[in-house]
Amino acid sequence: MDMRVRPRRLRYGEGLRKMVRETRMDASSLIYPIFVKEGSGIVEEIPTMPGQYRYSVDTMEKKLEELLDAGVFSVMFFGIPERKDEIGSGAYAADGIVQRAVAKARREFPELYLITDVCMCEYTSHGHCGVLCGHDVNNDETLNLLAKTALSHVQAGADMVAPSDMMDGRVAAIRDILDANGYVNTPIMSYAVKYASAFYGPFRDAAGSAPAFGDRKSYQMDYHNSREGIKEALLDVQEGADIIMVKPAMSYLDMVTKIKQEVHVPVAAYSVSGEYAMIKAGAKLGYIEEEKIICETAASAFRAGCDIYLTYYAQEIARYMQEGRIG
Ligand code: PBG
């Protein structure tokens, strides 16, 4: 056969395959999302996310230690408050659940990089991501509360804030309040390209944050749209976002690639609760091999172009990297 170019030539042997590998990953790109809940002595498994837990401030330590041991140095905090109200006051309370968890983590784990999710939906009685006017989320009134929330997280010790509410103008509002209070070097990772997605289902069970009526389609993006995602990303960069996130990851890897081409800041991809739940469920039924699927999905996110990967599998992935199974 007269064939000079044989792509298979570079596929013989693990050593050679690794040498010519196009995507390389390392654990410093991983962020682990953690749920913290009011109370004490709590380690509660989340029914729709087997292997993931809600921790109280006194029990989260063990998990944080485990993460550090595995080589995961960044965590993102989500809070589950005791009480909710119309204006989500738990989100910006100085002694709120995230504020207390972050303060403790800051004291006990100086080497850990602490990121907080900034949103109202876990704290409002109606479960929407801002304050209501009738049945609509009032964009401009919400900005002030989001800014207060971000500031309170940073004052408690957060290294970075990540607004996930999808209100227009929130990055600018947060940047302004942080700067006015002297936190000019605290980065903002914006959930800029966040779709209205059924993949958040298990998270809403975990955080008790499903909207009491309606849906989030008037603020999160329509999943038929692509150029709109670029518009969101560019706007947030203009407003001062330091990192742009695409969420979910798996069904939106086209957006990761596009956003990477359009912006000149790091791009994060969030493999959300529903992605985790599907892999867990498939593995439990014996339909797929969990470890291999974890490696393949992680590699695909980095191959698509993300620089940072948020995943409930962060600890496993870091371990697989150490063992040389991926990376
Ligand atoms: C808060 C928020 C959500 C997620 C991250 N931040 C839920 C939502 O928008 O309804 C989802 C994360 C996941 O599904 O893992 N707004």
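This structure is a prediction, so every number in the text was calculated from the model and none was measured.

## With respect to the pairing of strand β12 (residues 308-311)
Taking every second residue as pointing to the same face, both faces of β12 are buried, with Ile-308 and Leu-310 on one and Tyr-309 and Thr-311 on the other. Direction of pairing for strand β11 (residues 267-271) relative to β12: parallel, over a ladder of four bridges. By the bridge assignment for β12, Ala-268 is matched with Ile-308.

## Let's talk about a positive patch on the surface
A cluster of like positive charges, contributed by Arg-6, Arg-8, Arg-9 and Arg-11, occupies part of the molecular surface. Among the structural elements, Arg-11 can be located in the segment before α1 (14-19).

## Remarks on the nonpolar core
Within the largest apolar cluster, 112 residues are counted, with the highest numbers of intra-cluster contacts made by Met-60, Met-76, Phe-77, Met-189, Val-193 and Ile-259. No other element matches helix α4 (residues 139-156), which puts eight residues into this core. Ignoring anything within four residues of it in the chain, the contact list for Met-189 reads Ile-31, Ile-115, Met-160, Val-161, Ala-162, Pro-163, Ile-243, Met-245, Ala-268 and Leu-310.

## Some details on the environment of Glu-22
In this structure, Glu-22 sits in the loop between α1 and β1 (30-37). Accessibility expressed as a relative area gives 81% for Glu-22, which makes it exposed. Measuring from C-alpha to C-alpha, the distance between Glu-22 and Arg-303 comes to 7.8 Å, with 281 residues separating the pair along the chain.

## Section: the pairing of β11
Among the five residues in β11, five count as buried, and that is most of the element. Where strand β10 (residues 243-247) lies against β11, three bridges are found, and the strand directions are parallel. Bridging across to β11, Val-246 finds its partner in Ala-269. Taken together, β10, helix α8 (residues 253-262) and β11 constitute a β-α-β crossover, and its handedness is right-handed.

Cut-off values and rules
Residues numbered from 1 in each chain as written. Predicted model: local features only at pLDDT ≥ 70, side-chain atom pairs only at ≥ 80, totals over all residues. Heavy atoms only, no water. Buried < 20%, exposed > 50% of the residue type's maximum accessible area, 1.4 Å probe, protein only. Helix = DSSP H or I, 4+ residues; strand = E, 2+ residues; numbered from the N terminus. Pairing = 2+ DSSP bridges. Patch = residues over 30% accessible without salt bridge, like charges linked within 9 Å, V, L, I, M, F, W, Y side chains within 5 Å. Areas by Shrake-Rupley, 256 points an atom, 1.4 Å probe, with all protein chains shown as cover. Salt bridge = Lys/Arg side-chain N within 4 Å of Asp/Glu carboxyl O. Lys, Arg positive; Asp, Glu negative; His and termini not counted. Charge placed at Lys NZ, Arg CZ, Asp CG, Glu CD. Core = buried A, V, L, I, M, F, W, Y, C linked by side-chain atoms within 4.5 Å. Contact = heavy atoms within 4.5 Å. Right-handed = clockwise from strand over helix to strand, strands pointing away.

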